[in-house]
Amino acid sequence: MDEKLIQKAGIRLLVLGAGFLVTRFPLFSWIGSYDMHRIMILLSGAMVCLFSVNGCELTANCLPFLYITSYIAAYYFRTDGFDPGGGAISNAWYLWIVMFVLSVALVYLIDRVFHVKHKGIKHD
(Lines give C-alpha, C1' and ligand atoms only; values in the text may rest on other atoms or scores of the structure.)
Protein backbone atom coordinates (compact mmCIF):
# COMPACT_ATOMS: atom_id res chain seq x y z
CA MET A 1 0.00 0.00 0.00
CA ASP A 2 1.05 3.53 -0.64
CA GLU A 3 2.55 5.24 2.39
CA LYS A 4 0.86 8.55 1.53
CA LEU A 5 -2.53 6.82 1.38
CA ILE A 6 -2.01 5.32 4.82
CA GLN A 7 -0.95 8.71 6.20
CA LYS A 8 -4.05 10.44 4.78
CA ALA A 9 -6.34 7.73 6.13
CA GLY A 10 -4.66 8.02 9.53
CA ILE A 11 -5.23 11.78 9.64
CA ARG A 12 -8.89 11.29 8.70
CA LEU A 13 -9.26 8.70 11.45
CA LEU A 14 -7.67 11.07 13.96
CA VAL A 15 -10.15 13.82 13.03
CA LEU A 16 -12.97 11.28 13.30
CA GLY A 17 -11.62 10.21 16.70
CA ALA A 18 -11.62 13.82 17.88
CA GLY A 19 -15.24 14.11 16.76
CA PHE A 20 -16.05 10.95 18.69
CA LEU A 21 -14.46 12.34 21.85
CA VAL A 22 -16.45 15.56 21.52
CA THR A 23 -19.76 13.81 20.93
CA ARG A 24 -19.10 11.06 23.46
CA PHE A 25 -18.07 13.17 26.43
CA PRO A 26 -18.97 16.91 26.42
CA LEU A 27 -22.06 16.53 24.20
CA PHE A 28 -23.14 13.07 25.36
CA SER A 29 -26.34 14.32 26.96
CA TRP A 30 -27.63 15.47 23.57
CA ILE A 31 -28.05 11.88 22.36
CA GLY A 32 -27.49 9.78 25.45
CA SER A 33 -26.99 6.33 23.98
CA TYR A 34 -23.76 4.50 24.76
CA ASP A 35 -24.34 1.89 22.07
CA MET A 36 -25.19 4.41 19.35
CA HIS A 37 -21.86 6.18 19.80
CA ARG A 38 -19.96 2.92 19.52
CA ILE A 39 -21.88 1.76 16.46
CA MET A 40 -21.52 5.09 14.68
CA ILE A 41 -17.77 5.43 15.30
CA LEU A 42 -17.11 1.88 14.12
CA LEU A 43 -19.26 2.39 11.03
CA SER A 44 -17.64 5.74 10.29
CA GLY A 45 -14.10 4.43 10.78
CA ALA A 46 -14.76 1.52 8.44
CA MET A 47 -16.22 3.89 5.86
CA VAL A 48 -13.21 6.23 6.08
CA CYS A 49 -10.88 3.29 5.44
CA LEU A 50 -13.05 1.93 2.61
CA PHE A 51 -13.39 5.26 0.82
CA SER A 52 -9.70 6.04 1.29
CA VAL A 53 -8.61 2.76 -0.26
CA ASN A 54 -11.08 3.08 -3.15
CA GLY A 55 -9.88 6.57 -4.08
CA CYS A 56 -13.00 8.51 -3.10
CA GLU A 57 -10.99 11.39 -1.64
CA LEU A 58 -13.86 13.87 -1.35
CA THR A 59 -16.06 11.41 0.52
CA ALA A 60 -13.22 10.26 2.77
CA ASN A 61 -12.30 13.86 3.61
CA CYS A 62 -15.88 14.93 4.36
CA LEU A 63 -16.88 11.90 6.39
CA PRO A 64 -15.36 12.95 9.76
CA PHE A 65 -17.08 16.33 9.52
CA LEU A 66 -20.39 14.74 8.50
CA TYR A 67 -20.18 12.63 11.67
CA ILE A 68 -20.19 15.74 13.87
CA THR A 69 -22.57 17.87 11.82
CA SER A 70 -25.18 15.11 11.62
CA TYR A 71 -24.91 14.68 15.41
CA ILE A 72 -25.51 18.39 15.98
CA ALA A 73 -28.34 18.51 13.42
CA ALA A 74 -30.02 15.49 15.04
CA TYR A 75 -29.98 17.30 18.38
CA TYR A 76 -31.68 20.38 16.96
CA PHE A 77 -34.29 18.49 14.89
CA ARG A 78 -35.21 15.90 17.53
CA THR A 79 -38.60 15.58 19.15
CA ASP A 80 -38.90 14.60 22.78
CA GLY A 81 -41.84 12.89 24.38
CA PHE A 82 -42.97 10.33 26.92
CA ASP A 83 -43.92 6.71 26.48
CA PRO A 84 -47.15 5.36 28.04
CA GLY A 85 -45.24 4.34 31.18
CA GLY A 86 -43.96 7.89 31.71
CA GLY A 87 -40.39 7.37 30.49
CA ALA A 88 -38.70 10.00 28.35
CA ILE A 89 -38.17 9.15 24.67
CA SER A 90 -36.40 10.95 21.84
CA ASN A 91 -35.85 10.28 18.15
CA ALA A 92 -32.43 11.96 18.08
CA TRP A 93 -30.43 8.75 17.60
CA TYR A 94 -32.64 7.74 14.68
CA LEU A 95 -32.22 11.17 13.09
CA TRP A 96 -28.47 10.97 13.60
CA ILE A 97 -28.23 7.70 11.66
CA VAL A 98 -30.51 8.84 8.85
CA MET A 99 -28.84 12.24 8.42
CA PHE A 100 -25.37 10.72 8.51
CA VAL A 101 -26.12 8.00 5.97
CA LEU A 102 -27.96 10.38 3.62
CA SER A 103 -25.22 13.01 3.78
CA VAL A 104 -22.48 10.43 3.12
CA ALA A 105 -24.49 9.04 0.20
CA LEU A 106 -24.94 12.55 -1.23
CA VAL A 107 -21.23 13.36 -0.98
CA TYR A 108 -20.36 9.99 -2.51
CA LEU A 109 -22.71 10.64 -5.44
CA ILE A 110 -21.16 14.06 -5.96
CA ASP A 111 -17.72 12.47 -5.82
CA ARG A 112 -18.65 9.86 -8.44
CA VAL A 113 -20.75 12.08 -10.74
CA PHE A 114 -18.14 14.79 -11.07
CA HIS A 115 -15.28 12.27 -11.24
CA VAL A 116 -13.07 14.26 -8.93
CA LYS A 117 -9.59 13.03 -9.83
CA HIS A 118 -6.59 13.33 -7.57
CA LYS A 119 -2.92 12.86 -8.27
CA GLY A 120 -1.71 9.33 -7.87
CA ILE A 121 -5.13 7.73 -7.53
CA LYS A 122 -6.76 5.91 -10.42
CA HIS A 123 -10.53 5.74 -10.78
CA ASP A 124 -12.24 2.87 -12.58
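Thresholds applied
- Residues numbered from 1 in each chain as written.
- Predicted model: local features only at pLDDT ≥ 70, side-chain atom pairs only at ≥ 80, totals over all residues.
- Heavy atoms only, no water.
- Helix = DSSP H or I, 4+ residues; strand = E, 2+ residues; numbered from the N terminus.
- Buried < 20%, exposed > 50% of the residue type's maximum accessible area, 1.4 Å probe, protein only.
- Contact = heavy atoms within 4.5 Å.
- Axes fitted to C-alpha atoms, helices over the stretch in contact; angles between N-to-C directions.
- Parallel < 35°, antiparallel > 145°, perpendicular 65-115°, else oblique.
- Nonpolar A, V, L, I, M, F, W, Y, C, P; charged D, E, K, R; others polar.
- Core = buried A, V, L, I, M, F, W, Y, C linked by side-chain atoms within 4.5 Å.
- Phe/Tyr/Trp six-rings, centres within 6.5 Å; stacked < 30°, edge-to-face > 60°.
- Polar contact = N/O pair within 3.5 Å; in protein donor to acceptor, adjacent residues only side chain to side chain.

Draft legend 1. Representation of the side chain of Ser44 within the structure. Its location among the elements puts Ser44 in helix α2 (residues 34–53). Among the residues examined, Ser44 registers a relative accessible area of 0% and is labelled buried. Among all residues touching Ser44, those that are not within four sequence positions of it are Leu16, Leu63, Tyr67 and Phe100.

Draft legend 2. A look at the packing of helix α1 (residues 3–24) against helix α3 (residues 57–77). Where α1 meets α3, the axes come as close as 9 Å, and the angle between the chain directions of the two elements is 5°. What the angle tells us is that α1 and α3 run roughly parallel. On α3, the residues touching Lys8, Arg12, Val15, Leu16, Gly19, Phe20 and Thr23 of α1 are Glu57, Ala60, Asn61, Pro64, Phe65, Tyr67, Ile68 and Tyr71. Looking at the contact of α1 with α3, its residues break down into nine nonpolar, three polar and three charged.

Draft legend 3. View of the nonpolar core. Formed by 20 residues in total, the largest nonpolar core has its most connected members in Phe51, Leu63, Tyr67, Trp96, Phe100 and Val104. Those elements that place two or more of their residues in this core are α1, α2, α3 and α4 (92–113). If near-sequence neighbours (up to four positions away) are discounted, Phe100 is found in contact with Met40, Leu43, Ser44, Met47, Leu63, Leu66, Tyr67 and Ser70.

Draft legend 4. Seen up close, the packing of aromatic side chains. A full pass over the atoms with the stated rule returns six aromatic pairs. Ring centres of Tyr67 and Trp96 lie 5.6 Å apart, and the angle between their planes is 65°; on these two criteria the pair is classed as edge-to-face. You can see Tyr67 sitting in helix α3 and its partner Trp96 sitting in helix α4, a full 29 residues away along the chain. The residues Tyr67 and Trp96 share a single accessibility class, namely buried.

Draft legend 5. How the structure looks around the side chain of Ser70. Along the chain, Ser70 falls in helix α3. Polar side-chain contacts of Ser70 include one of 3.1 Å to the backbone oxygen of Tyr67. Those residues in contact with Ser70, other than ones at most four positions away along the chain, are Trp96, Met99 and Phe100.

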